[in-house]
Amino acid sequence: MSTVFINELHYDNVLFDQGEGFEIAGPAGTDLNGWKVELYEGAKGKVYKVLKLTGVLKDQQNGYGTLFFSVSLFNAGTSNGDGFALINPSGTIIQFLSYGGVFTASEGTCKGLRSTLLPVSENNLTPVGYSLQLIGIGAVYEDFSWVGPVPKSYGKPNKNQTFAPWRKEGVVIGPILHFKSSNSDGHYNISIVLAFKPSESLPLDKLELSVKPEPKSPPKKQTLLQKGEHHVLRYDLTIQQTDNEQTVTYQFSGDQEYSFRVPGLNQPPRFAYVSCAAAESELDLRSDNLWLHMKTIEPNHLLIHGGDQVYTDLPHPFIWTMIPRFAGYVATGLKTLFDTSKPFTPELDVDVDDFYFHMYRRFWSQQSVRHILASTPSIMMWDDHEIFDGYGSFYDEVQFSDTFKGVFKIAQKYFSVFQLGSTLESPSSTTIPNQDALSQEYYLNKVAILSLDMRTERNRNQILSPKSWEAVQTSLNNLLNSDIHHLFVLSGVPVLYDNFELVSQLIAGHNFDIEDDLTDHWAHPTHVKELELFVTKLFDFAATKKIRVSILSGDVHAGCMAVIVDDNRAKQPDHDNSCVINNLTSSAIGSMSLPRVFASLLDTQITLTPFKYCVGQNIHAGLHKFKFGLTSLTPPTYHLASRNFLTMKFEQDHSLTATWHVEGRPMIGVPGKVSTVTEKILPYTVGKTNDVSY
């Protein structure tokens with residue numbers, strides 16, 4: 001993590017170059033004497049100038065400041081571009097960046113290293129007085145994104161840039177509520193996870209947790225991880241459920257008070273479901289609009305996260321470019337290429353570990369997200385972006401390379417700690433036994449939730465291993481003896497979505513950065529047999545148990561609902577609606593949505609050639625058409641092409657009301673109004689099949 005960094009740059013403009021140079025940003029009080037910037041010409045990788053920095057950064061905003069240094073810069077006259085390196089007084093390379101191309105330094109401090117290409121550039125048409133700048137909210141280089149050319153702001157924080165230092169001590173990540181279980185005796189079990197950095201005024205042994213009403217027994221404290229001065233802690237507590245819903249408040253020393261709702265013993269629980277949580281651009285100033293909206297609706301008892309809670313592969317952070325030691329391992333562009341012969345060194349292990357800890361700290365420090373995580377017990381399951389985009393769908397020589405295995409191991413460690421509230425060595429009590437993945441099972445007030453880990457074992461030929469499918473079957477068998485009326489199954493990628501088979505065939509082997517997304521889908525030819533196995537297991541369970549089963553999914557950046565029908569059971573005279581499974585998809589709450597033009601094309605495709613997908617010989621499925629679109633005034637649609645999240649509320653008759661909270665079209669700089677789209681799923685009923693049809 002770079003606390004002192006290049007914050008602004010100008011090297012080329014129309015006619016005669018003017019005002020060239022760069023700006024340094026960092027904590028106020030930083031003495032730049034001893035720092036230097038080496039300027040490189042990319043054609044031969046040689047240093048053409050060394051600029052020794054001077055001066056002290058003054059407090060311009062929230063304890064941070066900037067200084068601009070005027071210097072004539074080469075203007076990327078070759079395909080290799082040109083570049084610069086920021087080096088601290090001890091000789092450590094802080095940044096080695098280039099513009100207009102990528103090159104390897106042949107001399108200087110960066111000798112033998114490959115530059116990292118800036119995502120923006122200037123040319124001889126750039127207006128005078130413009131520059132390339134970092135924008136966003138944060139405290140270190142990795143928090144910000146490059147934009148430009150835009151009007152210059154030399155010697156002061158950039159427009160749309162806010163320096164907001166993290167909490168440097170006390171509770172620095174969290175608190176995060178994790179739901180664990182409830183039972184017939186009314187024992188409601190949750191865990192609270194947080195990262196804590198002791199200080200002189202609040203040492204570790206003085207950190208206390210107060211809970212009202214008092215739990216059945218004092219909270220049990222456990223250290224999950226120690227990273228430098230940071231301690232990741234878990235507190236386990238059991239709340240006694242009562243006949244009525246109750247509000248529980250809690251507070252850690254030095255932190256604010258939070259509260260959450262515990263359902264009554266026989267109260268139908270309220271759920272919310274989210275996925276794809278991160279903004280894809282710092283320019284996206286409304287990325288937390290739906291998180292803020294969630295605070296205004298009736299509090300939910302449980303928040304289910306379906307994957308991509310954090311992202312390693314946005315423009316910032318981007319794991320392959322944010323870690324300088326990955327230079328030479330990865331070439332990024334329209335197609336990402338990997339050198340599989342490179343070793344995963346101990347130094348990389350440290351860098352990657354730092355990156356993932358920082359990533360959780362960055363994404364979960366956003367105030368609106370932090371509030372929800374601290375006030376609604378969560379169930380979380382990861383998808384590819386918590387590792388990196390497309391993990392599990394690469395070709396074998398890349399998927400099983402040392403680098404991929406090394407990065408995955410660290411990503412899995414932090415997923416387990418922060419999203420499951422456990423360690424790999426001591427799995428959560430909710431982890432399904434006898435598997436090599438991290439699938440989980442939960443129970444709350446006669447509702448069961450099966451959260452399937454579809455990333456750990458995924459490759460181009462499988463999603464779960466035979467051993468893990470056997471463990472899932474055992475879990476389903478055990479549920480046959482439980483008192484439940486509904487089963488939710490989490491599948492990060494929808495079991496059924498649009499038909500991309502033709503597109504998959506056309507691009508196979510040509511453009512991986514699209515191909516991996518298509519390979520992820522259940523309907524991809526390499527996964528159809530496993531899909532049939534999966535769906536058949538669920539239909540068998542629903543028919544035997546005589547309950548409804550629903551699948552919850554995300555990933556596709558749109559809201560939609562598929563209807564899956566077991567034709568054999570539907571044709572039987574005494575059939576019931578356990579032969580219908582609904583796949584409810586909600587995505588994304590924070591990331592950009594599916595472009596509406598693309599969604600309209602998909603809608604048109606379904607209208608012209610109704611898509612009824614065959615899962616084996618006797619199971620058919622299709623997308624449900626919502627009664628109206630993003631508002632009650634827009635036409636019916638198959639795709640809710642806007643940011644959204646899902647809430648689900650059971651009625652006393654066990655019917656399920658599913659409501660998509662959908663963000664409308666925003667005005668410039670103003671978040672869009674949130675509207676709702678609602679569907680009702682009937683309880684288990686004999687003689688009912690297509691209660692929600694396609």
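The shown structure was predicted, so the numbers you read here are calculated from the model rather than taken from an experiment.

**Quick word on the pattern of salt bridges**
Next up, step 1: Applying the stated criterion across every chain yields a total of 18 salt bridges.
Next up, step 2: A salt bridge links Asp-353 to Lys-413; the nearest nitrogen and oxygen atoms lie 2.5 Å apart. With Asp-353 in helix H3 (residues 346-363) and Lys-413 in helix H6 (residues 402-419), this residue pair connects regions lying 60 residues apart in the sequence.
Next up, step 3: We note a salt bridge from Asp-483 to Lys-446, for which the minimum N-O separation is 3.5 Å. Taken together, the positions of Asp-483 in the loop between helix H7 (466-479) and strand E26 (486-490) and Lys-446 in the loop between strand E24 (440-444) and strand E25 (447-451) put the pair 37 residues apart, joining distant regions of the chain.
Next up, step 4: Judged by relative accessible area, Asp-483 falls into the partly exposed class, the value being 47%.
Next up, step 5: The exposure class assigned to Lys-446 is partly exposed, which follows from its relative accessible area of 35%.
Next up, step 6: Each member of the salt-bridge network shares a partner with another, and the members are Lys-227, Asp-353, Asp-354 and Lys-413.

**Some details on the packing of H3 against H6**
Next up, step 1: Contact pair H3 / H6: the axes reach a minimum separation of 10 Å and the direction vectors enclose 30°. As for the relative orientation of H3 and H6, their crossing is right-handed in sense. Contact with H3, carried on its side by Asp-349, Val-352, Asp-353, Tyr-356, Phe-357 and Tyr-360, involves Val-407, Ile-410, Ala-411, Lys-413, Tyr-414, Phe-415, Phe-418 and Gln-419 of H6 and no other residues of that element.

**Section: the packing of aromatic side chains**
Next up, step 1: Using the criterion set out here, one finds 45 aromatic pairs in the structure.
Next up, step 2: Centroid distance Phe-488 to Phe-650: 5.9 Å. Interplanar angle 50°. Geometry classified as tilted. Of this pair, Phe-488 sits in strand E26 while Phe-650 is found in strand E32 (residues 644-650), placing the two residues 162 residues apart along the sequence.
Next up, step 3: Residue class for Phe-488 comes out buried when judged on its relative accessible area of 0%.
Next up, step 4: Of note, Arg-362 hangs over the ring of Phe-363, and the distance from its end group to the ring centre comes to 5.1 Å.

**Here we look at the environment of Asp-143**
Next up, step 1: If you trace the backbone, Asp-143 turns up in the loop between strand E9 (130-138) and strand E10 (145-151).
Next up, step 2: Placed 216 residues apart in sequence, Asp-143 and Met-359 show a C-alpha to C-alpha distance of 9.2 Å.

**Notes on the nonpolar core**
Next up, step 1: With 146 residues, the main nonpolar core has Tyr-356 and Phe-418 as its most contacted residues.
Next up, step 2: Ranked by the residues each element gives to this core, the list is headed by H6, at 9 residues.
Next up, step 3: Among residues more than four places away in sequence, those in contact with Tyr-356 are Thr-312, Ile-319, Glu-386, Ile-387, Phe-388, Val-407, Ile-410, Ala-411 and Tyr-414.
Next up, step 4: Of all hydrophobic cores here, the second largest spans 45 residues; its members include Ala-471, Val-535, Ala-621 and Ala-641.

**Here's the deal with H7**
Next up, step 1: Between its terminal C-alpha atoms H7 stretches 20 Å, which fits the 20 Å expected from 14 residues at 1.5 Å a residue.
Next up, step 2: Taken together, the buried positions of H7 are Ser-468, Trp-469, Ala-471, Val-472, Ser-475, Leu-476 and Leu-479. Looking down the long axis of H7, one finds its buried residues gathered within 155° of arc, a one-sided arrangement. When the buried face of H7 is taken as reference, the exposed residues oriented beyond 90 degrees from it are Pro-466, Glu-470 and Asn-478.
Next up, step 3: Buried positions along H7 lie against E24, E25, E26 and helix H10 (528-545).

**A closer look at the sheet that holds strand E8 (residues 116-117)**
Next up, step 1: A sheet is described by the order of its strands in space; here 5 strands give the open sequence E4-E3-E6-E7-E8, paired in mixed fashion. On the outer flanks of this sheet lie strand E4 (46-52) and E8, each paired with one strand and no other.

**Points about the confidence of the model for the protein**
Next up, step 1: In the predicted model, the protein carries a mean pLDDT of 86, and the fraction of residues at 70 or more is 89%.
Next up, step 2: In this model, residues 502-507 is a region of pLDDT below 50 whose contacts with residues beyond four sequence positions or in other chains number 6 contacts.
Next up, step 3: Throughout residues 509-515 the model reports pLDDT below 50, and contacts reaching past four residues in sequence, or to other chains, amount to 19 contacts.

**As for unusual backbone geometry**
Next up, step 1: Cis geometry is adopted by the peptide bond preceding Pro-175, which originates at Gly-174 and carries an omega value of 0°.
Next up, step 2: Inspection of the secondary structure assignment puts Pro-175 in strand E12 (residues 170-182).
Next up, step 3: With an omega dihedral of 5°, the bond running from Ser-587 to Ala-588 counts as a cis peptide bond.
Next up, step 4: Of note, Ala-588 is situated in the loop between strand E29 (580-585) and helix H12 (596-608).

**Regarding the sheet that holds strand E18 (residues 257-262)**
Next up, step 1: The sheet built from 3 strands is open, its strands ordered E14-E17-E18 with antiparallel pairing. The sheet terminates laterally at strand E14 (209-212) and E18, the two strands that pair on one side only. Strand after strand, the sheet turns through a mean of 20° between neighbouring axes, direction not considered.

**Re the packing of H7 against H10**
Next up, step 1: It is the contact of H7 with H10, at a shortest axis distance of 10 Å, that shows an interaxial angle of 10°. Compared by their axis directions, H7 and H10 come out roughly parallel. Residue-level contacts link Trp-469, Gln-473, Leu-476 and Leu-479 of H7 to Glu-530, Leu-533, Phe-534, Lys-537, Phe-541 and Lys-545 of H10.
Next up, step 2: Residue composition of the contact of H7 with H10, by class: 6 nonpolar, 1 polar and 3 charged.

**Concerning the environment of Asp-653**
Next up, step 1: If you trace the backbone, Asp-653 turns up in the loop between E32 and strand E33 (656-663).
Next up, step 2: On the basis of relative accessible area, Asp-653 is assigned to the partly exposed category, the value being 45%.
Next up, step 3: Distance from Asp-653 to Pro-268, taken between C-alpha atoms, is 9.5 Å for residues 385 residues apart in sequence.
Next up, step 4: Polar contacts involving the side chain of Asp-653 include one to the side chain of Ser-655, which spans 2.7 Å.

Conventions we followed
Residue numbers here run from 1 along each chain, matching the order of that chain's written sequence. Whole-chain, interface and lining totals are the exception, using all residues; otherwise, since this is a predicted model, local features are given only for residues with pLDDT of at least 70 and side-chain atom pairs are given and counted only at 80 or more. To get the side-chain values, take all heavy atoms of the structure and skip hydrogens and water. Salt bridge criterion: a side-chain nitrogen from Lys or Arg within 4 Å of a carboxyl oxygen from Asp or Glu. Starting at the N terminus, helices and strands are each numbered in turn, a helix being any DSSP run of H or I of at least four residues and a strand any DSSP run of E of at least two. When a residue's accessible area, from a 1.4 Å probe over protein chains only, is under 20% of the maximum for its type it is buried; when over 50% it is exposed; and in between it is partly exposed. The axes are straight lines fitted to the C-alpha atoms, using for helices just the contacting stretch, and the angles between their N-to-C directions are given from 0 to 180°. A clockwise turn of the near helix away from the far one marks a right-handed crossing, whereas an anticlockwise turn of less than a right angle marks a left-handed crossing. Here, residues are in contact when the closest pair of their heavy atoms is within 4.5 Å. Working definition: a ring pair exists when centres of Phe, Tyr or Trp rings (six-membered ring for Trp) sit within 6.5 Å. Plane angles under 30 degrees give stacked, over 60 give edge-to-face, the rest tilted. Lysine and arginine charges are scored as sitting over a ring when NZ or CZ, respectively, is within 6 Å of the ring centre and within 35 degrees of the ring normal. In this text, buried Ala, Val, Leu, Ile, Met, Phe, Trp, Tyr and Cys residues form a nonpolar core when linked through side-chain atoms within 4.5 Å. For a helix, the expected span equals 1.5 Å multiplied by the number of residues minus one. The directions from the helix axis to the C-beta atoms are what the arc is built from. Pairing between two strands requires that DSSP report at least two bridges joining them. Each residue gets a pLDDT score, which is the predictor's confidence in that residue and runs from 0 to 100. Note on terminology: angles under 35 degrees are roughly parallel, angles over 145 are roughly antiparallel, angles of 65 to 115 are roughly perpendicular, and the others are oblique. Gly counts as polar in this scheme, as do all residues outside two lists: the nonpolar Ala, Val, Leu, Ile, Met, Phe, Trp, Tyr, Cys and Pro, and the charged Asp, Glu, Lys and Arg. As used in this structure description, the phrase polar contact means that two N or O atoms lie within 3.5 Å; if the pair is within protein, one of them must be able to donate a hydrogen and the other to accept it, and residues adjacent in sequence are counted only when both atoms belong to side chains.

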